[in-house]
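Observations on the three-dimensional arrangement
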Amino acid sequence: MSFEAQFLLAAASEAESAVQARQATLSHVGAEAFSSQAHAELEPTCWKHTELRDNITAAEVQLAKRCHGAHIETLSQDITQVGSHYQLIHYDVQYLDMQMHRLQVVGHVEKELSLSMQELRARPASTQAVLMACAGTGRMAQKKRFWLHVPWGPDSFGCAMWTGCSLADVLKEAGVKDGATQVVFTGADKGVEGGKVQYFQRSLSLDDALLGHVMLVYEMNGQDLTPAHGAPLRLIVPGWYGMASVKWLTSMEVVTGKWWGHQMEAYSFRRTATDPEMVPLTRLPVRALMAPPGYPEFFSRARIVAPGGHRVVGRAWAGAVDIERVEFSSDAGKTWSTAQLAQKNGAFGWAQWEFDWQVSAEGTYVLSCRAFDVKGRSQDEPSDELFNWTGMGDTQPQLVYVKVDKSIESEGGIIDLTAEQRAARTELNDGQYGAALDQSLVEALYRSPGSQ
Ligand SMILES: Nc1nc2c(c(=O)[nH]1)N[C@H]1C(S)=C(S)[C@@H](COP(=O)(O)O)O[C@H]1N2
Ligand SMILES: [Mo]
């Protein structure tokens, strides 16, 4: 069977697995199952969380710059450019020599392989649009914030065209022996995490690795991978959170028994630091985002639009599952209208949506959007109580703070956003310049950076 045919077949089974993944998440850390209040009772001395919005540490800022989000306006485009695609780098970017690099296929196989990049590039290849998102996406939208990690808004996303060969085909060539259970993927990057020295390592079950959709990738958007995106070779696990897509791939070891490394534990939904029932993050849930309309103010990121009609454009995804509908709100989610929805750009890609927003009265509006998939999955309802220990997998709807002001139409027009800027600091939101911003407006502006 061709790589492309395998890929589509795998997507159908991944759609079912995605439904199970969401159910497992909701039943462990969903709003009905667990709350930030329940966490406070279980771990009263936990020092890794805060409910403040203006105590971002210098370390968080530095992590956010190194591991930057996508530019939110790229949601108007079908493909995310290399420089606008989010990045997540646990340790250091690796500089590997494409001529010398080899992928080792070892362990419980008939024939160990050592493949050069030339050999990998000579194999049957496919190019696929794949939506990626980091597991920590939307973390900052959770009121009780985990501050020992990258402070993601909803902006850890990208949909690039990835080119590579089939992981399943390479494993079949090596000949997996009976009794094998998992494949362990190791990156060239080394660091310290959880108090332990390690290489970045993740495993997939043998079933997942052989399904046919997982790619050994060497090109992104038609160009060789850049070092920050894993050159010369990385895994892409379509439809999964990004951590599964190991960069700077040096070896794949087929193992027997249960392998569980640090990156498996780190990327799990937990109630507490040492939750014995933790649920691994795997397939993506459903999510919609919009490219904020109008024009931004440089510092507060408040958006300004003129009174009239605005075509709001965004994208929605659900891993392998198709999108059923997208809804748009201009009153912070009190009322919703259905948007126009196009087809996905690939089995694991995303779909464009559009909504004609008519607004005549000047004033402040909070725009929002949410998606539903054909398997009945939906996004989290906004809640101050949503909590999981490392703030993973949030899907609370994006909020976009918009001022409707006709002055935006004339260059040199005066628009005073001092109140919006001051509101970033709790103690300055005192009404000295204009009115003090209502708490719900402050939340829309500053709870989830990267939204606008
Ligand atoms: N070797 C290695 N692979 C890695 C990582 C890493 O730090 N080292 N980060 C992972 C995480 S958490 C994510 S979200 C994606 C990010 O891929 P990108 O930077 O190309 O967007 O890579 C994954 N693969
Ligand atoms: Mo990630």
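Here the structure is a predicted model, which is why all the values come from computation and not from measurement.

1. Quick word on the sheet that holds strand E3 (residues 113-116)
- Pairing is mixed in the open sheet, where five strands are placed in the order E3-E2-E12-E7-E8. With partners counted over all chains shown, the strands left at the sheet margins are E3 and strand E8 (196-205), one partner each. Taking the axes of each pair of neighbouring strands and ignoring which way they run, one obtains an average angle of 25° across the sheet.
- Taken together, the nine bridges between strand E7 (residues 182-193) and E8 define a ladder with antiparallel strand orientation. Bridge pairing in E8 links Phe185 to Arg202.

2. Here's the deal with the UniProt feature "domain: Moybdenum cofactor oxidoreductase dimerisation" (unreviewed entry) in the protein chain
- Sites flagged by UniProt as "domain: Moybdenum cofactor oxidoreductase dimerisation" (unreviewed entry) map to residues 291-393.
- Taken end to end, residues 291-393 comprises 0% helix and 48% strand; its first and last C-alpha atoms sit 21 Å apart.

3. Considerations on unusual backbone geometry
- Pro232 follows Ala231 through a cis peptide bond whose omega is 5°.
- We note that Trp248 has phi near 50°; this positive angle belongs to a residue other than glycine.
- One can find Trp248 in the loop between strand E11 (234-236) and strand E12 (249-255).
- According to the C-beta neighbour criterion, Trp248 is buried, with 25 such atoms within 10 Å.
- Notably, Arg301 is not glycine yet its phi reads approximately 65°, a positive angle.
- Judged by C-beta crowding, with 19 C-beta atoms within 10 Å, Arg301 ranks as partly exposed.

4. Brief notes about the nonpolar core
- The biggest cluster of nonpolar side chains holds 119 residues, and the ones touching the most others in it are Leu131, Leu216, Tyr241 and Ala316.
- At seven residues, the largest contribution of residues to this core is made by helix H1 (residues 3-29).
- Taken domain by domain, the makeup of this core includes at least three residues from each of domain 1 (3-280) and domain 2 (287-446).
- For Leu131, the contacting residues outside a window of four places in its chain are Phe157, Cys159, Trp317, Phe348, Gly349 and Trp350.

5. A word on the environment of Phe348
- One can find Phe348 in the loop between strand E21 (340-344) and strand E22 (351-359).
- The buried category is assigned to Phe348, around which 29 C-beta atoms lie within 10 Å.
- The sequence separation of Phe348 and Ala129 amounts to 219 residues, and the corresponding C-alpha distance is 6.7 Å.
- Contacts of Phe348, omitting those with residues within four sequence positions, involve Ala11, Gln128, Val130, Leu131, Pro238, Gly239, Gly319 and Ala320.

6. Thoughts on helix H9 (residues 439-446)
- Listed in full, the buried residues belonging to H9 are Leu441, Glu443, Ala444, Leu445 and Tyr446.
- Where H9 is buried, its residues touch strand E23 (363-373), strand E24 (399-404) and helix H8 (418-422).

7. Considerations on the domain arrangement of the protein chain
- Assigned domains within the protein chain: domain 1 (3-280) and domain 2 (287-446).
- A straight line from the C-alpha centre of domain 1 to that of domain 2 covers 27 Å.
- Listed by partner, the interface residues are 49 residues for domain 1 and 41 residues for domain 2.
- Elements supplying a minimum of two residues to the side of domain 1 that touches domain 2: H1, helix H2 (36-42), strand E4 (125-133) and strand E5 (145-146).
- Per element, the largest residue contribution to the side of domain 1 that touches domain 2 is 10 residues, and it comes from H1.
- Of the residues in the side of domain 1 that touches domain 2, the class split is 22 nonpolar, 14 polar and 13 charged.

8. Overview of the sheet that holds strand E17 (residues 303-305)
- Strand order in the open sheet made by the six strands is E16-E17-E24-E23-E19-E20, with mixed pairing throughout. Looking at which strands have only one partner, the edges of the open sheet turn out to be strand E16 (295-296) and strand E20 (337-338).
- In this fold H9 packs onto E23 and E24, with an angle of close to 110° to the strand it touches most, E24.

Thresholds applied
The numbers attached to residues start from 1 for each chain and follow its sequence in the written order. All chains are assigned letters beginning at A, and all ligands numbers beginning at 1, according to the order in which they are written. Local features in this predicted model are restricted to residues whose pLDDT is 70 or higher, and side-chain atom pairs enter the listing and the counts only when it is 80 or higher, whereas totals over whole chains, interfaces and linings include all residues. For two strands to pair, DSSP has to find at least two bridges joining them. Counting from the N terminus, the helices are DSSP H or I runs at least four residues long and the strands are E runs at least two residues long. To define axes, lines are fitted to C-alpha atoms, for helices over the stretch in contact only, and angles between the resulting N-to-C directions are given on a 0 to 180 degree scale. UniProt positions are given in the numbering used here, feature names are shortened, and annotations may be inferred rather than shown by experiment. Exposure criterion: with C-beta atoms placed from backbone coordinates, a residue whose C-beta has 20 or more other C-beta atoms within 10 Å is buried, one with 12 or fewer is exposed, and one in between is partly exposed. Defined on buried residues, the nonpolar core groups Ala, Val, Leu, Ile, Met, Phe, Trp, Tyr and Cys residues joined through C-beta atoms within 7 Å. Where a domain begins and ends is set by an automatic assignment or by a domain database. It is the C-beta atoms, placed from the backbone, that decide contacts: two residues are in contact if theirs lie within 7 Å. Any residue that is not Ala, Val, Leu, Ile, Met, Phe, Trp, Tyr, Cys, Pro, Asp, Glu, Lys or Arg is counted as polar, Gly included; the first ten are nonpolar and the last four charged.

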